[in-house]
Amino acid sequence: MEEELLKKIDEISDEMISGIKRIVQIDSVQSEAKPGMPFGEGVDKALEEALKLARELGFETENVDHMVGIAKYGTGEDYIGIMGHLDVVPVNEVGWNSDPFKVVQVNNKLYGRGVADDKGPLLAGYYAAKIIHDLNLPVKKKIRVIFGCDEERGSSCVAHYFQNNPFPSM
């Protein structure tokens, strides 16, 4: 099983990097709220693109009031939560050798605004769940990849999500 899992990870690594590039290219620094966009246009665009990517990967998705997105796999009430966020801090002018919203790969490392905090890890969660699905691995709990849009300013998105949803068991 371990060999099959490692093979699958290798098979989808380029696809995962492509997904990360797709989401990182969106400037999701919070801006002025607009109707249906509580954290601004860029954050909403990132949310819509992340939901679209999740659907392309075969997940059922949900947009919770344009504050949180959910990619779901499996059945049942109890679930494992993989949490992350799509908003990023503003870019300062110093320290960037390239456009921060275009992923650059140097020596097998990815650079770009959100690659490490938190778009890259969030998408790693997507692809981990996809591998579980593709390999038909047995799961006893539903998996929810939960992506907020307001972590950089206090996580009101997560508070909003948990007002109407149970906490994950893991």
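Residues numbered from 1 in each chain as written. Predicted model: local features only at pLDDT ≥ 70, side-chain atom pairs only at ≥ 80, totals over all residues. Heavy atoms only, no water.

Caption draft 1: Focus on the packing of aromatic side chains. If you walk through the whole model with that rule in mind, you get four aromatic pairs. Consider the rings of tyrosine 161 and phenylalanine 162, whose centres lie 4.8 Å apart with planes at 75°: the pair is edge-to-face. The two residues tyrosine 161 and phenylalanine 162 agree in class, both being buried. A ring pair is formed by phenylalanine 162 and phenylalanine 167, whose centres lie 4.3 Å apart and whose planes are at 15°; its orientation type is stacked. Three or more aromatic residues link up through ring pairs in this structure, and these residues are Phe59, Tyr126 and Phe147. Positioned over the ring face of tyrosine 79 is arginine 144, at 4.5 Å from the centre of the ring. (Phe/Tyr/Trp six-rings, centres within 6.5 Å; stacked < 30°, edge-to-face > 60°. Buried < 20%, exposed > 50% of the residue type's maximum accessible area, 1.4 Å probe, protein only. Lys NZ or Arg CZ within 6 Å of the ring centre and 35° of its normal.)

Caption draft 2: Highlighting empty space enclosed by the protein. Under the definition given, this model contains one cavity of 30 Å³ or more. By volume, the largest cavity amounts to about 30 Å³. If you trace the largest cavity, you find it lined by Leu57, Gly58, Phe59, Lys72, Tyr73 and His133. The class makeup of the residues in the lining of the largest cavity is three nonpolar, two polar and one charged. (1 Å grid on protein atoms, 1.4 Å probe; cavity = no way out; pocket = protein on both sides within 12 Å on 5 of 7 lines; lining within 4 Å. Points joined across faces, edges and corners; volume = space filled by probe spheres on them. Nonpolar A, V, L, I, M, F, W, Y, C, P; charged D, E, K, R; others polar.)

Caption draft 3: Region of the structure containing the confidence of the model for the protein. In the predicted model, the protein carries a mean pLDDT of 95, and 100% of its residues have values of at least 70. When mean pLDDT is compared element by element in the protein, helix H2 (residues 41-56) scores highest at 98, while helix H3 (residues 119-134) scores lowest at 94. (pLDDT = per-residue confidence, 0-100. Helix = DSSP H or I, 4+ residues; strand = E, 2+ residues; numbered from the N terminus.)

Caption draft 4: Quick peek at the environment of tyrosine 111. Looking at the secondary structure, you find tyrosine 111 in strand S5 (residues 109-111). In this structure, the C-alpha to C-alpha distance between tyrosine 111 and glycine 69, residues 42 residues apart in sequence, is 24 Å. Excluding residues within four positions of it along the chain, tyrosine 111 makes contact with Lys102, Val103, Val104 and Val106. (Contact = heavy atoms within 4.5 Å.)

Caption draft 5: Representation of the sheet that holds strand S6 (residues 142-148) in the model. Strands sit in the order S1-S2-S6-S3 across an open sheet of four strands; the sheet is mixed. In this open sheet, the two strands that pair with only one neighbour each are strand S1 (60-64) and strand S3 (79-85). When strand polarity is set aside, the average angle formed by the axes of neighbouring strands in this sheet is 20°. Where strand S2 (residues 68-73) meets S6, six bridges bridge the pair, whose relative direction is antiparallel. Paired with alanine 71 across the bridge in S6 is valine 145. Across the sheet, H2 is in contact with S1, S2 and S6; its angle to S1 comes to roughly 165°. (Pairing = 2+ DSSP bridges. Axes fitted to C-alpha atoms, helices over the stretch in contact; angles between N-to-C directions.)

Caption draft 6: Structural view of the nonpolar core. Ranked by size, the top nonpolar core spans 41 residues in total, and within it Val68, Leu86, Tyr126, Phe147 and Tyr161 carry the most contacts. Setting aside chain neighbours within four positions, we find valine 68 in contact with Leu47, Glu62, Asn63, Ile146, Phe147, Gly148, Cys157 and Tyr161. (Core = buried A, V, L, I, M, F, W, Y, C linked by side-chain atoms within 4.5 Å.)

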